[in-house]
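Given next are the chains, with one letter for each unit.
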Amino acid sequence: MKKILPAILSAASVLPAAADFSVTHRTEILQLTARTLVPVRLHSEWQLCPGVPPSGWMNGKTGKKQTVFRLTPELDLDTLMPGERKLGDEAVLYNRFYALADGIGLIGIGTDWWFEAWSNGQRCGSTWETGNSDMIFDAENHPFFIPVRQGENLLAVRVRRGGASWRFDCSALPFRRIPFPVVLQGPWLTDPDADGIGIRFFTMGKIAAGIEYRRTGTAEWKIEWEHAHGQIPRREFHAVHLAGLRGGADYEYRIVMLDPSDCKAMVRDRRIRKFSLPGDKKSGFSFFFTADLQFDPAKQRKILRGLFKAADAGSCDFIVLGGDNGMTFSMRQMTDVYLSGIGALNRGSVPLVFVRGNHELRGGETELMPEYFAGPNGLTYGIFRYGDTAFLILDCLGDHPPRTNQHSMRDLDTVFFEQQKTYLEKVLQTEKWTSARRRIVLSHSAPYSHSDKKRTITANLKRMTDPWFAGKDPKYKLDLWLAGHIHRYRRSIPGSAKVAALQKPESPPAADGRNYVFPVLTVAGPNKFGYLEASAFRIDADRKKLVIRAFAPDGSCFEHVEIQADGTEKELTALPHYDLPADRD
């Protein structure tokens, strides 16, 4: 930090007064950590100089009258000066404070009603245009970074009185990220569809943001702000969905943000990125599916890298995370492991589809999961179209009855599945679903082929989906159902009680495949039996068939199957078949 101090201190003499320290030294501030922030020790005594300040006040050129005072909680400057005070009165407050080293410190100010603060000759914070914006006046109102040098420093604060009081508070603050209009992590593409796509990213603190986009080769930019209830909210994590796009077209986009100090000032991220949408007749595409990577982050990263490499996930059109991406839902784990891994695929151009599993309902952040990963309709279930194929995302909620200690919050199973059932009744009548040549379900569990000790997930899925997909002649024929949850690799053989598996299954399912014409394919997961702990599918589709390959983290392809358009299967790399009749059906 010492290396940047000369630039910090010399900049004050050559830059215009309006250039705040946070603007002139943004790069250094963005690199700050709790370890590199210099602690500030404000002096217990302040000087007050009443009246409109003279030229050069920020450098310590005071008027004749000075009052020395100690800053106390809820101090009202009115008590320090005689006579009646009125709206618009001014004064300057000085503090000659000490710092332990050269570098950058952090302080905060709250005042009724306006202030402008300078440290060592450079302006650092101001509410001169907006006012305090909070009727509780304390240092947390307006945190900002300041240049400091080892030894004595000068903090000069010009204050202007509000209409009711002249409250003032100021103190040094511990490290935190101050909002800046810069992209901290991401972006990541999500929720691909025939006419839309989602874009998600983190900003430096709570920033209002949106997406500027245009078709490749056109000049005019359009903008879609992240919005809620008529406003552009200030958030750290952003999810913007672009709708009404043209299928089969290529697009360019860039992130736009509003400066927190001026909501009219729009800042554009420098990088222009790209995405493409499939045409509604497109038959050839590929995607990657995995679930149940319930390991510590280091092992997760290693396994995910192995599965991505084995399946050549970077060449896929999208990635599906099928739920239970950890023992509990943790946004830090999602970011450090999954989003960072997916963001590295083909320069961040591979979109993510997120399916909620039962373990996403556990942990202290479970209620944040929909905020971060709900679909464009705000729900954790939905439908999207990729070319000529319709994908249905289902949410099977928890695997334990309500009121058990497995839940971080109480789940409303009955209410939730009634809402999802009503949604299904509507969405399965839409053209997006009925006109599809192929239909695939993405869900954490399945209505058959899965064991269900608690009789919750499988039973709920059966009640919700059997009216549409069960039977020898279902209302809608499914081509494929992809799942996880049971931590055993398994591929059901439709119309029978048989499954293809690595070894004979230990327990019977709640329902077998004798009354179903679609296969259920299930990835592996952590287990106590000593065999495959994780796996992934790569599915390649064309007009005639689905080519399905199952991969282990070591890169081996242990099953390779083709499913023709009429449902017949061809096993190119086969696993043993086992009889697995249901224990109840």
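Reference entry: report on the structure contained in this document. Values in this document were obtained by computation on a predicted structure and should not be read as measured data.

## Concerning the overall build of the protein chain
Consideration 1: Across its full length, the protein chain carries nine helices and 34 strands.
Consideration 2: Referenced to the eigenvectors of the C-alpha coordinate spread, the extents of the protein chain come out at roughly 95 × 55 × 45 Å.
Consideration 3: Counting only residues that meet the buried cut, the protein chain has 56% of its 585 residues in that class.
Consideration 4: Partitioning the contacts of the protein chain with sequence separation of at least 6, the portion at a separation of at least 24 is 74%.
Consideration 5: A total accessible area of about 25,800 Å² is found for the protein chain, and carbon and sulfur atoms account for 50% of it.

## Let's talk about the side chain of His 487
Consideration 1: As for its placement among the helices and strands, His 487 is situated in the loop between β26 (480–483) and β27 (490–492).
Consideration 2: Assessed through its relative accessible area of 15%, His 487 is described here as buried.
Consideration 3: Here the side chain of His 487 touches Asp 292 through a polar contact of 3.4 Å, side chain to side chain.
Consideration 4: Setting aside chain neighbours within four positions, we find His 487 in contact with Asp 292, Gln 294, Ala 524, Gly 525, Pro 526 and Asn 527.

## Description of the pattern of salt bridges
Consideration 1: Following the criterion strictly, the structure yields 32 salt bridges and no others.
Consideration 2: In this structure, Asp 193 and Lys 432 form a salt bridge, with 2.8 Å as the shortest nitrogen-oxygen distance. Here Lys 432 lies in helix α8 (residues 431–434) and Asp 193 lies in the loop between β12 (180–190) and β13 (197–207), a separation of 239 residues in the sequence.
Consideration 3: A relative accessible area of 9% places Asp 193 in the buried class.

## Considerations on empty space enclosed by the protein
Consideration 1: Per the counting criterion, the structure on display carries seven cavities of 30 Å³ or more.
Consideration 2: Reported here for the largest cavity is a volume of approximately 50 Å³.
Consideration 3: Residues of the lining of the largest cavity, tallied by class, amount to five nonpolar, one polar and two charged.

## As for the nonpolar core
Consideration 1: Judged by nonpolar contacts, the single largest core of 39 residues is most densely connected at Leu 93, Phe 145, Val 157, Val 159 and Phe 168.
Consideration 2: At the level of secondary structure, the elements contributing two or more residues to this core comprise β2 (45–50), β5 (90–99), β6 (103–111), β7 (113–119), β9 (142–148), β10 (151–161), β11 (167–172) and β12.
Consideration 3: Setting aside residues no more than four positions away along its own chain, Leu 93 makes contact with Trp 46, Gln 47, Leu 48, Phe 69, Leu 77, Leu 155, Ala 156, Val 157, Val 159 and Phe 168.
Consideration 4: One finds Phe 318, Phe 391, Ala 524 and Phe 537 within the second-largest nonpolar core, a separate group that totals 34 residues.

## Remarks on the sheet that holds strand β4 (residues 75–76)
Consideration 1: Here we have four strands laid out as an open sheet, ordered β4-β11-β6-β9, and antiparallel in their pairing. Looking along the sheet, the strands with just one partner apiece sit at the ends: β4 and β9.
Consideration 2: Pairing of β4 with β11, which is carried by two bridges, proceeds in the antiparallel orientation. Note that in β11 the partner of Leu 75 across the bridge is Phe 168.

## Here's the deal with the environment of Arg 161
Consideration 1: With respect to the helices and strands, Arg 161 occurs in strand β10.
Consideration 2: Between the C-alpha atom of Arg 161 and that of Trp 113, which follows or precedes it by 48 residues, the distance is 5.7 Å.
Consideration 3: In this structure Arg 161 touches Asp 78, Arg 85, Lys 86, Leu 87, Gly 88, Asp 89, Asp 112, Trp 113, Trp 114 and Trp 166, once residues within four positions along its chain are discounted.

Criteria and cut-off values
Residues numbered from 1 in each chain as written. Predicted model: local features only at pLDDT ≥ 70, side-chain atom pairs only at ≥ 80, totals over all residues. Heavy atoms only, no water. Helix = DSSP H or I, 4+ residues; strand = E, 2+ residues; numbered from the N terminus. Buried < 20%, exposed > 50% of the residue type's maximum accessible area, 1.4 Å probe, protein only. Contact = heavy atoms within 4.5 Å. Areas by Shrake-Rupley, 256 points an atom, 1.4 Å probe, with all protein chains shown as cover. Polar contact = N/O pair within 3.5 Å; in protein donor to acceptor, adjacent residues only side chain to side chain. Salt bridge = Lys/Arg side-chain N within 4 Å of Asp/Glu carboxyl O. 1 Å grid on protein atoms, 1.4 Å probe; cavity = no way out; pocket = protein on both sides within 12 Å on 5 of 7 lines; lining within 4 Å. Points joined across faces, edges and corners; volume = space filled by probe spheres on them. Nonpolar A, V, L, I, M, F, W, Y, C, P; charged D, E, K, R; others polar. Core = buried A, V, L, I, M, F, W, Y, C linked by side-chain atoms within 4.5 Å. Pairing = 2+ DSSP bridges.

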